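Chain and residue survey
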2 protein chains.
Amino acid sequence: MTAKKVLIIDDESSIREMIAIALEMAGYEYLEAENIQQGHEIVVDHRPDLILVDWMMPGGSGIELTRRLKKDATTAEIPVIMLTAKSEEDNKIQGLEVGADDYITKPFSPRELVARLKAVLRRATPQGVDEPIEIDNLVLDPISQRVTIGTRPLDMGPTEYRLLKFLMTHQERAYSRAQLLDQVWGGNVYVEERTVDVHIRRLRKAIGSTHDYLIQTVRGTGYRFSAQRSL
Amino acid sequence: MTAKKVLIIDDESSIREMIAIALEMAGYEYLEAENIQQGHEIVVDHRPDLILVDWMMPGGSGIELTRRLKKDATTAEIPVIMLTAKSEEDNKIQGLEVGADDYITKPFSPRELVARLKAVLRRATPQGVDEPIEIDNLVLDPISQRVTIGTRPLDMGPTEYRLLKFLMTHQERAYSRAQLLDQVWGGNVYVEERTVDVHIRRLRKAIGSTHDYLIQTVRGTGYRFSAQRSL
DNA sequence: TGACATTGTCACAACTTTGCCACATAACCT
DNA sequence: AGGTTATGTGGCAAAGTTGTGACAATGTCA
């Protein structure tokens, strides 16, 4: 396995240094961005596997950056850990709401940092490189975030896209509605299970009748993506 | 699947009642403990699948109980949801730090409760990894939840699938109808024994005449799955 | 702001599965 | 053989699951 890249966005050089040492010892690759304005570009350029953002940043807040990252579909899946000072405890909630995956309260030990980081990475989808996935002429390209059949581009909403992507990356496997909600919507959303059906329907519609056999119903359970026709 | 047991620890009987109704409707089993002092013992005794704890408890805090539960290795994995009043928002953080898995702010709707509860349970229950079972060209794959002979996928209902799965994982062994009802239907359903025969028949039909010798009748007893043809 | 797209829910329609019955067949026994 | 019991079969009504269109709420974008 290649070393995971961790991007640090923090203005305090002493903290950056401490983190750098901790990461190196734990076998991670280290990227840094001093200035939050550069944050977004650096993320897009280097595609880190995880980002550490300091909450307290002069001239702009880490929370703003996090929000921006989580909104952008190309960076949304990169996990973010926020660093907050003890006195800013209340902000944790705000941080989590904006989409941060975890937070660490300063001061923290290098060991704690690495432990949290491991946990978050473990939870994060172990997706490989962003290779396009092609099955039976249906192509999903994660870079351009586009789905095509032959030359025809398909029109679908972000949720349908994520759902399809998940199913395609895990083809030949049956998932319950609950599991799909977990994986596609995210663990702690409050959404009816039947909503999954509706999105499946929209997906099938978008894909069209020539290929809708790819998305199969597993009665009593949920759904499955499979190139093998079921009947 | 057996009903999940949910333990409620709260002093307000009106809330307990509301929760009880919501749980019942959603198909959960309901346990209650009025007094926090009893909390720990009840947990150890009944091993609930999830615990709801009110933050506000006279004479002792729910947080204390939660901490105790999460410290004890035998109860640590049981998920805990805390109930907090709006004004106690700041306590959420403390709750999460103590190890609570989620929190709900009062007032909350029954639906919200059930949804959160589902989400937490979903996260807490991991899936085992099952290997496909292959016998005489008949393959049952628990991952895709599909049964195939060669390349042909078989069409059967969920009950037939479970029945077949059970028989295949216990091949060469005869089971009575009662045992099958127990294992495949679940312990406490009331179903006629002859119903098993009907499902066996459907199974044989689904498998087709080329392979129906695999499911054998054991006269006076029940049925058996065996790759070895009996006379 | 207003048009437009997306999302989650619902109510109802369409379809499957299930359990049971009644009767047909088969196996077993004396 | 004839009687007796056990199992196979087709069909059916009820229950359960999934498909579908419409709607309101919300978010997005120029």
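Further up the page is the structure itself.
The numbering scheme is per chain: residues are counted from 1 as the chain's sequence reads. The naming scheme follows written order: chains are lettered A onward, ligands numbered 1 onward. Given that this is a predicted model, residues contribute local features only at a pLDDT of at least 70 and side-chain atom pairs are listed and counted only at 80 or more, while totals for whole chains, interfaces and linings are drawn from all residues. Here the side-chain values reflect all heavy atoms present in the structure, with hydrogen atoms and water set aside.

Considerations on the packing of helix H7 (residues 177-185) of chain A against helix H8 (residues 194-207) of chain A
Each pair of packed helices can be summarised by the angle the axes make with each other and by the distance between the axes. All names here are of chain A. H8 packs onto H7 with a crossing angle of 70 degrees between their chain directions and a minimal axis gap of 9 Å. With respect to H8, the element H7 is oriented roughly perpendicular. Taken together, the residues of H8 that come into contact with H7 (itself represented by Arg177, Leu180, Leu181 and Trp185) are Thr195, Val196, Asp197 and His199. To obtain each axis, a line is fitted to C-alpha atoms, and for helices this fit is confined to the stretch in contact; angles are then taken between N-to-C directions over 0 to 180 degrees. Strands are runs of DSSP state E lasting at least two residues, helices are runs of H or I lasting at least four, and both sets are numbered from the N terminus onward. Should an angle lie under 35 degrees it is considered roughly parallel, over 145 roughly antiparallel, and from 65 to 115 roughly perpendicular; all remaining angles are considered oblique. Residues count as neighbours in contact if any of their non-hydrogen atoms are within 4.5 Å of one another.

Description of the side chain of Ser226(B)
Residues and elements named next belong to chain B. Here serine 226 lies in the segment after strand E12 (222-225). Only protein chains enter the accessibility calculation, which uses a 1.4 Å probe. A residue is then buried if its area is under 20% of the maximum for its type, exposed if over 50%, and partly exposed in between. By relative accessible area, which is 2% here, serine 226 ends up buried. Any pair of N or O atoms that falls within 3.5 Å is considered a polar contact. Within protein, one atom must be able to donate a hydrogen and the other to accept it, and sequence-neighbouring residues count only if both atoms are side-chain atoms. Within polar-contact distance, the side chain of serine 226 engages the side chain of glutamate 172 at 2.9 Å. If sequence neighbours within four positions are ignored, serine 226 has contacts with Glu172, Tyr213, Leu214 and Gln216.

What to know about the sheet that holds strand E6 (residues 133-135) of chain A
Residues and elements named next belong to chain A. Any two strands between which DSSP finds at least two bridges are classified as paired. With antiparallel pairing, the 4 strands of this open sheet are ordered in space as E6-E7-E8-E9. The outermost strands of the open sheet, each flanked by one partner alone, are E6 and strand E9 (152-153). As paired strands, E6 and strand E7 (residues 138-141) are joined by 3 bridges and run antiparallel to one another. Counterpart to isoleucine 135 in the pairing with E7 is leucine 138. Seen against the sheet, helix H6 (residues 158-169) touches E6, E7 and strand E8 (146-149) and runs at an angle of roughly 110 degrees to E7.

With respect to the protein's contact with DNA strand C
Thr159(A), Thr195(A), Arg202(A), Thr159(B) and Arg202(B) are the nearest of the 26 residues found near DNA strand C. The sugar and phosphate moieties of DNA strand C supply 66% of its atoms located within 4 Å of the protein. One of the side-chain N or O atoms of Thr159(A) is found 2.5 Å from a phosphate oxygen in DNA strand C. Arg219(A) has a polar side-chain atom sitting 3.3 Å from a sugar or linking oxygen of DNA strand C. Residue assignment for the surface near DNA strand C shows that the elements contributing at least two residues are H6 and H8 of chain A together with helix H6 (158-169) and helix H8 (194-207) of chain B. The class makeup of the residues in the surface near DNA strand C is 9 nonpolar, 8 polar and 9 charged. The rule for a residue being near a molecule or strand is that one of its heavy atoms must lie within 4 Å of it. By the convention adopted, Pro, Cys, Tyr, Trp, Phe, Met, Ile, Leu, Val and Ala count as nonpolar, Lys, Arg, Asp and Glu as charged, and the other residues, Gly among them, as polar.

What about the protein's contact with DNA strand D?
As a structural note, the neighbourhood of DNA strand D is formed by 24 residues, with Arg177(A), Arg201(A), Arg177(B), Arg201(B) and Thr217(B) the closest of them. A distance of 2.6 Å is found between a phosphate oxygen of DNA strand D and a side-chain nitrogen or oxygen belonging to Thr217(B). Contacts to DNA strand D include Tyr223(B), whose side-chain N or O atom sits 2.6 Å from a phosphate oxygen. Looking at the surface near DNA strand D, the elements that each hand over two or more residues are H8 and strand E11 (215-218) of chain A together with H8 and strand E11 (215-218) of chain B.

Describing the pattern of salt bridges
Pairs can form between side chains of opposite charge whenever their charged atoms are close. Each salt bridge in this description consists of a side-chain nitrogen of Lys or Arg and a carboxyl oxygen of Asp or Glu lying within 4 Å of one another. The full count for this structure, using the stated rule, is 5 salt bridges over all chains. The shortest N-O distance in the salt bridge between Arg177(B) and Asp197(B) comes to 2.5 Å. Highlighted residues: Arg177(B) in helix H7 (residues 177-185) and Asp197(B) in helix H8, separated in sequence by 20 residues. In this pair, the class of Arg177(B) matches that of Asp197(B), namely buried. With a shortest N-O distance of 3.2 Å, Asp197(B) and Arg194(B) are connected by a salt bridge. Of this pair, Asp197(B) and Arg194(B) both sit in helix H8, 3 residues apart, which is roughly one turn of that helix. One salt-bridge network, in which partners are shared between bridges, spans Arg177(A), Arg194(A) and Asp197(A).

Points about the packing of H6(B) against H7(B)
Residues and elements named next belong to chain B. H7 packs onto H6 with a crossing angle of 110 degrees between their chain directions and a minimal axis gap of 10 Å. Taken together, the axes of H6 and H7 are roughly perpendicular relative to one another. Here the hand of the crossing between H6 and H7 comes out right-handed. The residues of H7 that touch H6, namely those facing Thr159, Arg162, Leu163, Phe166 and Leu167, are Leu180, Gln183, Val184 and Trp185. Here the contact of H6 with H7 is built from residues that sort into 6 nonpolar, 2 polar and 1 charged. Here is the rule for handedness: rotate from the far helix to the near one, and if that takes an anticlockwise turn smaller than a right angle the crossing is left-handed, while a clockwise turn gives right-handed.

Details of H8(A)
Residue and element names in this part refer to chain A. The end-to-end C-alpha distance of H8, which contains 14 residues, comes to 20 Å, matching closely the 20 Å that a straight helix rising 1.5 Å per residue would cover. Val196, Asp197, His199, Ile200, Leu203, Ala206 and Ile207 are the residues of H8 that are buried. Just past H8, the residue glycine 208 takes up positive phi, approximately 90 degrees. In a helix, the anticipated span is given by 1.5 Å times the number of residues less one.

Some words on the pairing of strand E8 (residues 146-149) of chain B
Residues and elements named next belong to chain B. Burial along E8 is two-sided: the residues Arg146 and Thr148 and Val147 and Ile149 are all buried. Relative to E8, strand E7 (residues 138-141) runs antiparallel, the two sharing 4 bridges. Of the residues in E8, the one forming a bridge with leucine 140 is valine 147. The turn joining E7 and E8, which pair antiparallel and follow one another in sequence, is formed by 4 residues; a positive phi near 55 degrees is taken by glutamine 145. Note that E8 and strand E9 (residues 152-153) share 2 bridges and pair antiparallel. The residue bridging isoleucine 149 from the neighbouring strand is arginine 152, located in E9. Counting the residues in the hairpin turn of E8 and E9 gives 2 residues, including glycine 150, whose phi is positive at 65 degrees.

Some words on the pairing of E7(B)
On E7(B), burial covers both faces: Leu138(B) and Leu140(B) on one face and Val139(B) and Asp141(B) on the other are all buried. Here strand E6 (residues 133-135) of chain B hands over to E7(B) after 2 residues, with Asp136(B) in that stretch at a positive phi of 50 degrees.

Here's the deal with the packing of aromatic side chains
Residue and element names in this part refer to chain A. Ring pairs are drawn from Phe, Tyr and Trp, using the six-membered ring of Trp, whenever the two centres fall within 6.5 Å, and their geometry is named by plane angle: stacked under 30 degrees, edge-to-face over 60, tilted for the rest. Applying the stated criterion across every chain yields a total of 2 aromatic pairs over all chains. Judged by centre distance (4.9 Å) and plane angle (65 degrees), the ring pair of phenylalanine 166 and tyrosine 175 falls under edge-to-face. Each member of the pair, phenylalanine 166 as well as tyrosine 175, carries the same accessibility label: buried. Sitting over the face of the ring of tyrosine 213, arginine 229 holds its NZ or CZ atom 3.9 Å from the ring centroid. Here, a charge over a ring is recorded when the distance from Lys NZ or Arg CZ to the ring centre is within 6 Å and its angle to the ring normal is within 35 degrees.

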